[in-house]
Amino acid sequence: MLRQLLAEQQDPLSSKYHAWLSPEQFGEQFGASKEDIAAVTRWLESKGFEVNDVAPGRRTIEFSGKVGQIESAFQTRIHYYELNNERHTANGSDIYIPAALAPVVAGVASLSSFGPKPLHHVIGLQDSTLADFGSSVHALSPYDFATIYDVMPLWTEGYDGTGQSIAVIGESDIEMSDVAGFRAQFALPVNPPLLIVNGVDPGFQPGDQTESTLDVEWAGAVAKGATIKFVTSASTNATSGIALSAEYVVQNDTAKVVA
């Protein structure tokens, strides 16, 4: 039924075209029953875990605990692993799910500190304006981007994202002054992003900060009138901040578009 609804929501001829569901509506139609949620919650608490949140969509339960509790409850061992001179933690074997909960529990989303890595590549730093580089640099501006993807006519007609929201997910703080400088450099309207910290503030994380700054800047470069909502979460020993931020955006209906 879910696959059918997803197809109908994208079909212009369907009565359900773009009839999006709220997290609560999704939970009522496709989430676990309240009885099943209660049973899983009781089991987690009986093993000493703290249940932090039950998602409105009733598909996930966020919980926390100590290593010993994880090893005992899920009958696995947590080990240290070295990869590219970085130390990580992860379970060393498949986890155990009680037979009584198996019909409703697909598994644990993550028990490791392995997470996604920034995809950008820094080729150099320069404290100058674009005009200082001369003909040796080929830069891409928001206006180039708008021309390449035929967005310029939409700007001319007033369709620049005004009244819309875009959620950007991250796992680091960003300097708002960097975003302001980017917009000023390219004469984009003053439109500072909204910062949403999900739980513990992650602080500034090298690499991730640059990636998040680029995402925020360019999400607002073409949809220059849209409200950019930057959601950031601190990574834990079991789940990446990116995953936690994405979960927050979906379960709190933060924006209709996610970048």
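Rules behind the numbers
For every chain, the first residue of its written sequence is number 1, and the numbers climb from 1 along that sequence. Only residues with pLDDT of at least 70 are given local features in this predicted model, and only at 80 or more are side-chain atom pairs given and counted; all residues enter the totals for whole chains, interfaces and linings. Excluding hydrogens and water, the side-chain values take into account all heavy atoms of the structure. Note on pairing: two strands pair once DSSP finds at least 2 bridges between them. A helix here means a DSSP run of H or I that spans at least four residues, while a strand means a run of E at least two residues long, and both kinds are numbered starting from the N terminus. What makes two residues a contact is simply this: any of their non-hydrogen atoms within 4.5 Å. Axis lines are fitted to C-alpha atoms, over the contacting stretch for helices. Their N-to-C directions set the angle, which ranges from 0 to 180 degrees. Two aromatic rings from Phe, Tyr or Trp, using only the six-membered ring of Trp, form a pair when their centres are within 6.5 Å; if the ring planes differ by under 30 degrees the pair is stacked, by over 60 it is edge-to-face, and anything between is tilted. The buried label applies to any residue whose accessible area, calculated with a 1.4 Å probe on protein chains only, is under 20% of its type's maximum; exposed applies above 50%, and partly exposed to all values in between. Two conditions define a charge located above a ring, namely a distance within 6 Å from the ring centre to NZ of Lys or CZ of Arg, and an angle within 35 degrees of the ring normal. Within a predicted model, pLDDT stands for the predictor's per-residue confidence, ranging from 0 to 100. Here, a salt bridge means any side-chain nitrogen of Lys or Arg that lies within 4 Å of a carboxyl oxygen of Asp or Glu. Note on terminology: a nonpolar core comprises buried Ala, Val, Leu, Ile, Met, Phe, Trp, Tyr and Cys residues joined through side-chain atoms within 4.5 Å.

(A) The arrangement of the sheet that holds strand β7 (residues 227-233) in detail. If you trace the 4 strands from one edge of the open sheet to the other, you get β6-β7-β5-β8, paired in parallel fashion. Here the strands that pair on one side only, and so sit at the sheet edges, are β6 (194-198) and β8 (257-258). Of the strand pairs in this sheet, strand β5 (residues 165-170) and β7 are connected by 6 bridges, and their pairing is parallel. Counted as the bridge partner of Ala167 is Lys229 from β7. Packed onto the sheet, helix α9 (residues 241-251) meets β5, β6, β7 and β8 and runs at close to 155° relative to β5.

(B) Summary view of the packing of aromatic side chains. As enumerated under the stated definition, the model contains 10 aromatic pairs in all. Ring centres of Phe145 and Trp218 lie 5.9 Å apart, and the angle between their planes is 50°; this geometry places the pair in the tilted category. Placement of the pair is Phe145 in helix α5 (residues 142-148) and Trp218 in helix α8 (residues 208-222), with a sequence separation of 73 residues. For Phe145, a relative accessible area of 27% gives the class partly exposed. Each member of the aromatic cluster is reached from another via a ring pair, and the members are Phe145, Tyr149, Phe182, Phe186 and Trp218. A cation over an aromatic ring shows up here: Arg87 above the ring of Tyr80, its NZ or CZ 3.7 Å from the ring centre. Above the face of the Trp155 ring, Lys224 is positioned so that its terminal group lies 4.1 Å from the ring centre.

(C) Highlighting the confidence of the model for the protein. When pLDDT is averaged along the protein, the result is 92; 95% of the residues meet or exceed 70. Per-element confidence in the protein is highest for β7, whose mean pLDDT is 98, and lowest for helix α6 (residues 152-156), whose mean pLDDT is 89.

(D) Layout of helix α4 (residues 67-74). Burial in α4 covers these residues: Ile70, Glu71, Ala73 and Phe74. Tucked into the core, α4 has its buried residues touching α3 (34-46), β2 (61-64) and β3 (78-83).

(E) Local environment of the pattern of salt bridges. In total, this model carries 5 salt bridges according to the counting rule given. Note that Lys16 is salt-bridged to Glu8, the shortest N-O span being 3.7 Å. On the accessibility criterion, Lys16 (40% relative accessible area) is partly exposed.

(F) Looking closely at the nonpolar core. Trp43, Leu44, Phe49, Ile70 and Phe74 are the most contacted members of the largest nonpolar core, which has 13 residues in total. Sort the elements by how many residues they give to this core and α3 lands first, with 4 residues. Beyond its immediate chain neighbours, meaning those up to four positions away, Leu44 contacts Phe49, Val51, Ile61 and Phe63. With 10 residues, the next largest nonpolar core counts Ile174, Val179, Ala223 and Phe230 among its residues.

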